Amino acid sequence: MRSHLPLAFLVLTVASAACKEPTGAAVIGYAFPRDGQRAALVAAASLPPDTTNGAIRIVGDWDSGGTESSVEIARARRLVALPGVMGVVGHAGSRGTLLTAPIYSDAGVPLVVPTATSGRLWEVGGWVFPMAPSDSVEAAFLGQVAVDGLKATRIAVYFVNSAYGTGIRTELARWLSNRGLAPVDEVPYVIGADLETLVEASVRRSRPDLAVLVGRRIEVARMAALLFELDPSIRLLAADGAYDQVAELISEAGPAADSLYLTTFWVADTTVPVQREFIHRYRLDTGRDPTAFEAMRYDAVMVLAQAIREAGPDRARVRDWLHSLGGSRPPYEGVTGDISFRRDAHRTLLLVRLRDGVPVTVPEAGVW
Amino acid sequence: MPKSPRPARRRWRALSIRTLFLLLVGMVGLYVLGVSIFLAVRMHPGAVLLRRDTEPVVELFGMLNGRSQRLEAQVRDLQGLVTLGPPGYPAQLNRLRDQLSEAPDERSTRAYTAVPEAMRTAMATADEAIARLETAALEVVSLLELGRYEAAQARMMSVNALVGEMNRHLAEAERRGLSDLVRREDELSRATGQALRAVVIWLVVGLFFLPTVLLLAYRRLGAPLRDLEEGLTQVAEGDLHAQVPIRHADEIGRLAEHFNHMTSVLRERAEEQGRFAAAGELIAGVAHEVNNPLMAISAITQQRLEDNDLRADDRQDLTQILRQSRRAGKLLSGLLRFARSGGEPRAETANLGKVLREAIDLVSYQFGVAEITLDARIDPKLPRVMGDPARLEQVFVNLLSNAIHAVRQVTPPRLITIESGQDTDGVWLELTDNGPGIPTAVRRRIFRPFVTTKGRQGTGLGLYISRQILRDAGGEIEADAAPEGGARFKLRLRPAEDADLLVTPSDQTRPVLPATLDGVRILVVDDEAALRRPIARFLTRRGAVVEEAGDGVEALERIAATEGRFDVLLADLRMPRMDGVALHAELRKSHPVLADRVVFLSGDLSHLTSGSNSMRAGENTIPADRILLKPVSLEEVETRLLQVVQQAPAAD
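Cut-off values and rules
- Residues numbered from 1 in each chain as written.
- Chains lettered and ligands numbered in written order.
- Predicted model: local features only at pLDDT ≥ 70, side-chain atom pairs only at ≥ 80, totals over all residues.
- Heavy atoms only, no water.
- Helix = DSSP H or I, 4+ residues; strand = E, 2+ residues; numbered from the N terminus.
- Buried < 20%, exposed > 50% of the residue type's maximum accessible area, 1.4 Å probe, protein only.
- Contact = heavy atoms within 4.5 Å.
- Areas by Shrake-Rupley, 256 points an atom, 1.4 Å probe, with all protein chains shown as cover.
- Pairing = 2+ DSSP bridges.
- Right-handed = clockwise from strand over helix to strand, strands pointing away.
- Axes fitted to C-alpha atoms, helices over the stretch in contact; angles between N-to-C directions.
- Phe/Tyr/Trp six-rings, centres within 6.5 Å; stacked < 30°, edge-to-face > 60°.
- Lys NZ or Arg CZ within 6 Å of the ring centre and 35° of its normal.
- Salt bridge = Lys/Arg side-chain N within 4 Å of Asp/Glu carboxyl O.
- Expected span 1.5 Å × (residues − 1).
- 1 Å grid on protein atoms, 1.4 Å probe; cavity = no way out; pocket = protein on both sides within 12 Å on 5 of 7 lines; lining within 4 Å.
- Points joined across faces, edges and corners; volume = space filled by probe spheres on them.
- Patch = residues over 30% accessible without salt bridge, like charges linked within 9 Å, V, L, I, M, F, W, Y side chains within 5 Å.
- Buried area = accessible area lost by both parts, 1.4 Å probe.
- Polar contact = N/O pair within 3.5 Å; in protein donor to acceptor, adjacent residues only side chain to side chain.
- Core = buried A, V, L, I, M, F, W, Y, C linked by side-chain atoms within 4.5 Å.
- Parallel < 35°, antiparallel > 145°, perpendicular 65-115°, else oblique.
- Left-handed = near helix turned anticlockwise from the far one by under 90°.
- Nonpolar A, V, L, I, M, F, W, Y, C, P; charged D, E, K, R; others polar.

*Asks:* What am I meant to see in the overall build of chain A here?
*Replies:* When helices and strands are tallied, chain A shows 13 helices and 14 strands. Looking at the 368 residues of chain A, the share that counts as buried comes to 60%. Sequence separation of at least 24 residues holds for 70% of the intrachain contacts in chain A that already meet a minimum separation of 6. Counting every atom, chain A has about 13900 Å² of accessible surface; 52% of that belongs to carbon and sulfur.

Spelled out as structure tokens, the structure:
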């Protein structure tokens, strides 16, 4: 990792804030495991000078890793207990967000959810603000790409057995059913499962022409590689969870990477002015482009910081400010697009293919 | 001996009974509502929390438990297939795979957001263990499908280990769930206990206040009502001095105030009536004493006027003496009649014009004094009306007195107008004055008892009694404002059924009389020689044979001496030794025929009581139609004596 002075300073700021109780500052809690803190650091660097001088601090939960239920709940408890906390950005997945949402609601702390897609997030109260498209929207997008775009007729679904995976699987099955279709196979798995056996048995018994892969990048890349090896003719379509760091994905998917269609909320594009500075900072820091997750988390932090700046250090007023986006107040202009927390607001979904290690948007997606 | 009135207690401003009643009902309502709300506030949140938190726990745990039990059965089946080894059973494998691939119940996702935080971690961990077991079992199924039996057997060991792990997590979730449930039940139980204790306190407080409320109600209602009841009992027993203490300025207080006012008015009225009665007796006595000299003056003057040798100026003086004595006599007659008008009403008819004139005569002296002009237009063709003349006269005197009082309050000209007439509804009479009139607020109540516009000068009973008299006679009275201001009273009277024309009884019954008293033997009995002698001389000049007696005893002696050879007796009713009534009684025994030929003369009937056709004094009665009331003209005496002589049977 290349080192830069400003970023080192920010790291110290955030790290020190996490180690000791901040005093007198409005705090944004950052509820992601250790490997997901990068966006917070970049966001902290992007905050105006007055906020970096202590008016707003971003406090990550450095002391715990993982996304197990117990870990997520403990993380949420620690964050809502922070003095001066005005809002929290997180959690990493739908399951962790659903499990911790009541903690934020009970404490009266706004929770901005950048990437979780479960539709249930809209039903857990007025303190939770989902940014990403819901699983029903994403399932419809996947179904449209598979059926209308890729003309698949034998669709197998490989999904992580969590709220995220089961949500997309259920909604996709419903969408297919509306089109008179049904998956030829549905294979749940957990992290650490014997994917080789599961995939091989599935391919042998169901002979799919398209596999929908729902899960994290690592598992999706592995399954893509296995599927490609078993039958190169099988088209591979991944849900949003897989579009993480592209280099690792290519490395893990091997030859299958070029055959992989990826769904994502965002693709780095320096031709878009609003993204340029953000992408530049990432490149300076990591030598790579930010991922969609990182961009969403960055926007979540920035919109919450904007809310605190405009509404003041009052959680109810911050909540109301967030609710007013896209209503009495124009949407927040983030790097991932216009942000509003209205349920009917437009949320971007893109289809991407990898060409020579570079993500290329499939423009036909959404038109099929 | 009347009880002395109790002093009215100091009044203090208080809530009205209605307000107090509403207040008491409101307090009781608030008390009940307060207890209910308290119970709801204390019990409801605990119960709601228990239900709200328990329902999703039970639902989620039920789903996890069901899923784990199904999974355990599937694992057992899977174990069987693994144990059997090749060639495998594709159908069973397909069924197992489908079961293991089934999506978890969607409700579980929602339920996680509702379960208490203490439970959420344990249940989510159990859920993750189930998912791991499902995946592991699915891996075994896949291995069997791929024909890798040895690998499947080896993987089965980890599956069994995951079953244990799943059950351990479920047991932990269950333990936490039970612990949480027990804790909430304890909280609810504590809240219930506290609420019950508080309710007991509420009830004790309520029981403490109940006697206070009852005492308050008794003091505000019971005691004043008891005072009123005692007061009414006193009045019923004839004690008009009864006074009720006014405890509060509320409805009962006002009732007590009215009661006290009524008893005081009744008391004043009774005292007034007593004075009237005494005055009546006095008037009767005075009238009797004055009547005799008046009649003597009148008789002597009348005799002197028959002297043809009188000088013109002497004749003029004597004529004036006769006129004034007759006027005085007429006034005395009116006073006596008015004093006698308080008895039981007699069902008879009255000459309205005559009654009205007599009433005017009684009050006429005030017209000159107060410069009042009376414009009375009495229709001479009015029929007789139903009613006791004396009581009707009382009505007119009352109305005239009120009118005089009213017009005195304004500057002259003061005018009282009386108009009368007859229409299809009967006889009407209107009495109008130009006084200040009756205030509108009082007019509606003017005929109620104790309502007066005269302040302490009036009893408030005159118009009330007048209306009662008129109603008893089938008539009615109304009051309104006169068109030119002042008051107007409209009276309506029922015509007598057999009286279409104004005809006096004397007109109907006047008999044909002999021209003179020639030869008629008359005994004049009167203790007043000044009256007896002029009458005797007048009757002698009219041709009668007249003897005189000073009282009843002497009259009996004369009758005995002459063996009762008198045609008729003229006897005063009031005489020493033996009065006229006693004389009549003796005659009924000794000379019954002569007893039917007695004409009585009297200036005062107050010692007699009225019968249907007679007057009673003790055991004795005399015919009422034989009484001549003094003062009476000598011509009237002559006429009456002639009537008796003509009607009576032949003398003994």
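*Asks:* Please explain the overall build of chain B as it appears in this structure.
*Replies:* When helices and strands are tallied, chain B shows 18 helices and 15 strands. Of the contacts formed within chain B by residues at least 6 apart in sequence, a portion of 74% connects residues at least 24 apart. For chain B, the computed accessible surface area is about 34400 Å², with 56% contributed by carbon and sulfur atoms.

*Asks:* How should I be thinking about the pairing of strand β3 (residues 85–90) of chain A in this particular structure?
*Replies:* Residues and elements named next belong to chain A. In terms of residue burial, β3 counts as a mostly covered element, since six of its six residues are buried. Across five bridges, strand β1 (residues 26–31) lies against β3 in parallel orientation. Residue pairing in the sheet places Tyr-30 in a bridge with Val-89 of β3. Looking at chain direction, β3 and strand β4 (residues 111–113) are connected through two bridges and run parallel. Bridge pairing in β4 links Val-89 to Val-112. Regarding topology, helix α5 (residues 94–107) serves as the crossover connection from β3 to the parallel β4, and that connection is right-handed.

*Asks:* Help me out: how do you make sense of the sheet that holds strand β14 (residues 358–361) of chain A in this one?
*Replies:* Two strands in a sheet stick together by hydrogen bonds in their backbones, pointing the same way (parallel) or opposite ways (antiparallel). Residue and element names in this part refer to chain A. Read across the open sheet, the seven strands follow the order β7-β6-β8-β9-β10-β13-β14; overall the sheet is mixed. In this open sheet, the two strands that pair with only one neighbour each are β7 (185–189) and β14. Averaged over all pairs of adjacent strands, the angle between strand axes in this sheet comes to 25°, irrespective of strand direction. In the sheet, strand β6 (residues 155–160) pairs with strand β8 (residues 210–214) via five bridges, with the strands oriented parallel. The residue of β8 that forms the bridge with Ala-156 is Ala-211. Against the sheet, helix α10 (residues 246–253) touches β10 (260–264), β13 (350–355) and β14, its axis set at about 65° to β13.

*Asks:* Just checking my understanding: could you explain the packing of aromatic side chains for this structure?
*Replies:* Any aromatic ring pair is given by two values, namely how distant the centres are and how the planes are angled relative to each other. Residues and elements named next belong to chain A. Considering all chains together, one arrives at eight aromatic pairs over all chains under this definition. Ring plane angle 50° and centroid distance 4.9 Å describe the contact between Tyr-30 and Phe-32, whose orientation is recorded as tilted. Each member of the pair, Tyr-30 together with Phe-32, is buried. One aromatic cluster in this structure is built from Trp-266, Phe-278, Tyr-282 and Tyr-298. One Lys or Arg, Arg-319, reaches over the ring of Trp-127 and ends 4.5 Å from the middle of that ring. A cation over an aromatic ring shows up here: Arg-353 above the ring of Tyr-261, its NZ or CZ 4.1 Å from the ring centre.

*Asks:* It is not clear to me how the pattern of salt bridges should be interpreted in this structure. Could you clarify?
*Replies:* One side chain can pair with another of opposite charge once the charged atoms of both are near each other. For the coordinates displayed, the defined rule picks out 53 salt bridges over all chains. Of the charged contacts in the structure, one is a salt bridge between Lys-354 of chain B and Glu-358 of chain B, with a shortest N-O distance of 2.9 Å. Linking Lys-354 of chain B with Glu-358 of chain B, this pair stays in helix α8 (residues 352–363), spanning four residues, or about one helical turn. Judged by its relative accessible area of 16%, Glu-358 of chain B falls in the buried class. Between Glu-586 of chain B and Lys-589 of chain B there is a salt bridge whose closest N-O contact spans 3.7 Å. One end of the pair is Glu-586 of chain B and the other is Lys-589 of chain B, both in helix α16 (residues 580–590) and three residues apart, which spans about a single turn. Look at Glu-586 of chain B and you get partly exposed, because its relative accessible area is 31%. One continuous salt-bridge network, built from bridges that share partners, spans Arg-95 of chain A together with Arg-67, Asp-127, Glu-128 and Glu-134 of chain B.

*Asks:* For this particular structure, what's the right way to read helix α4 (residues 69–80) of chain A?
*Replies:* In an α-helix, one full turn covers 3.6 residues, which means residues spaced three or four apart are oriented alike. Under the 1.5 Å per step criterion, the end-to-end length of α4 of chain A is 17 Å for 12 residues, consistent within 8% with the ideal 16 Å. Those residues of α4 of chain A lying buried are Ser-69, Val-71, Glu-72, Ile-73, Arg-75, Ala-76, Leu-79 and Val-80 of chain A. Summarising the contacts, the buried residues of α4 of chain A are in contact with β1, β2 (56–60), β3 and α5 of chain A together with α4 (117–145) of chain B.

*Asks:* How do you make sense of empty space enclosed by the protein when you look at a structure like this?
*Replies:* Which parts of space are left empty comes out when a probe the size of a water molecule is rolled across the atoms. All names here are of chain B. In the structure shown here, the tally under the stated rule is three cavities of 30 Å³ or more. In this model, the second largest cavity occupies a volume close to 40 Å³. Pro-224, Pro-245, Ile-246, Arg-247, His-248, Asp-250, Ile-252, Gly-253 and Ala-256 together form the lining of the second largest cavity. Ranked by residues supplied to the lining of the second largest cavity, first place goes to helix α6 (residues 251–305) with three residues.

*Asks:* What is the right way to read a nonpolar patch on the surface from this model?
*Replies:* A cluster of nonpolar residues, Leu-30, Leu-33, Ile-37 and Val-41 of chain B, forms a patch on the protein surface that exposes about 390 Å² of accessible area. Among the residues examined, Leu-30 of chain B registers a relative accessible area of 60% and is labelled exposed.

*Asks:* I keep staring at the interface of chain B and chain A and nothing clicks. Help me out?
*Replies:* Buried accessible area, meaning the area lost when the parts come together, often serves as the stated size of an interface. Contact with chain B, which involves 30 residues of that partner, is made by 35 residues of chain A. When chain B packs against chain A, close to 2700 Å² is buried across both sides, 54% of that on carbon and sulfur atoms. Across the contact surface, chain B and chain A share five salt bridges. As a salt-bridge pair, Arg-95 of chain A and Asp-127 of chain B come within 3.8 Å of each other at their nearest N and O atoms. For the pair chain B and chain A, the number of links is 11 residue pairs in polar contact (both at pLDDT 80 or more). For the side of chain B that touches chain A, the elements supplying multiple residues, two or more each, are α2 (90–101), α3 (106–112) and α4 of chain B. Per-element accounting of the side of chain B that touches chain A gives the leading share, 15 residues, to α4 of chain B.

*Asks:* Looking at this structure, how should I read α8 of chain B?
*Replies:* Residues and elements named next belong to chain B. Compared with the 16 Å implied by 1.5 Å per residue over 12 residues, the 17 Å span of α8 between its first and last C-alpha is a close match. Burial runs high along α8: nine of the 12 residues are buried. Listed in full, the buried residues belonging to α8 are Leu-352, Gly-353, Val-355, Leu-356, Glu-358, Ala-359, Ile-360, Leu-362 and Val-363.

*Asks:* Help me out: how do you make sense of the pairing of β2 of chain A in this one?
*Replies:* Sheet faces and side chains relate simply in a regular strand, where the side chains alternate between the two faces. All names here are of chain A. Within β2, four of the five residues are buried, which leaves the element mostly enclosed by the surrounding structure. Across five bridges, β1 lies against β2 in parallel orientation. Within the sheet, the bridge partner assigned to Ile-28 lies in β2 and is Ile-58.

*Asks:* Help me understand the nonpolar core, please; the structure alone is not making it clear to me.
*Replies:* Side chains of nonpolar character tend, in soluble globular proteins, to be buried together. One finds Tyr-158 and Leu-322 of chain A to be the most contacted residues of the largest nonpolar core, which totals 168 residues. Top contributing element to this core by residue count: α4 of chain B, with 16 residues. For Tyr-158 of chain A, the contacting residues outside a window of four places in its chain are Val-187, Tyr-189, Val-199, Ser-202, Val-203, Pro-208, Ala-211, Val-212, Leu-213, Val-214, Met-223 and Leu-227 of chain A. Of all hydrophobic cores here, the second largest spans 41 residues; its members include Ala-359, Leu-400, Ile-416 and Ile-477 of chain B.

*Asks:* Would you mind showing me how to read the packing of helix α14 (residues 529–541) of chain B against helix α18 (residues 634–647) of chain B here?
*Replies:* Relative orientation and spacing of two packed helices are given, respectively, by the angle between their axes and the distance between those axes. Residues and elements named next belong to chain B. Their axes nearest at 11 Å, the elements α14 and α18 cross at an angle of 60°. Judged by the angle between their axes, α14 and α18 are oblique. The interaxial crossing formed by α14 with α18 has right-handed handedness. Residues Ile-535, Phe-538 and Leu-539 of α14 pack against Leu-634, Glu-635, Glu-638 and Leu-641 of α18. Each residue belonging to the contact of α14 with α18 can be placed in one class, and the counts come to five nonpolar, no polar and two charged.

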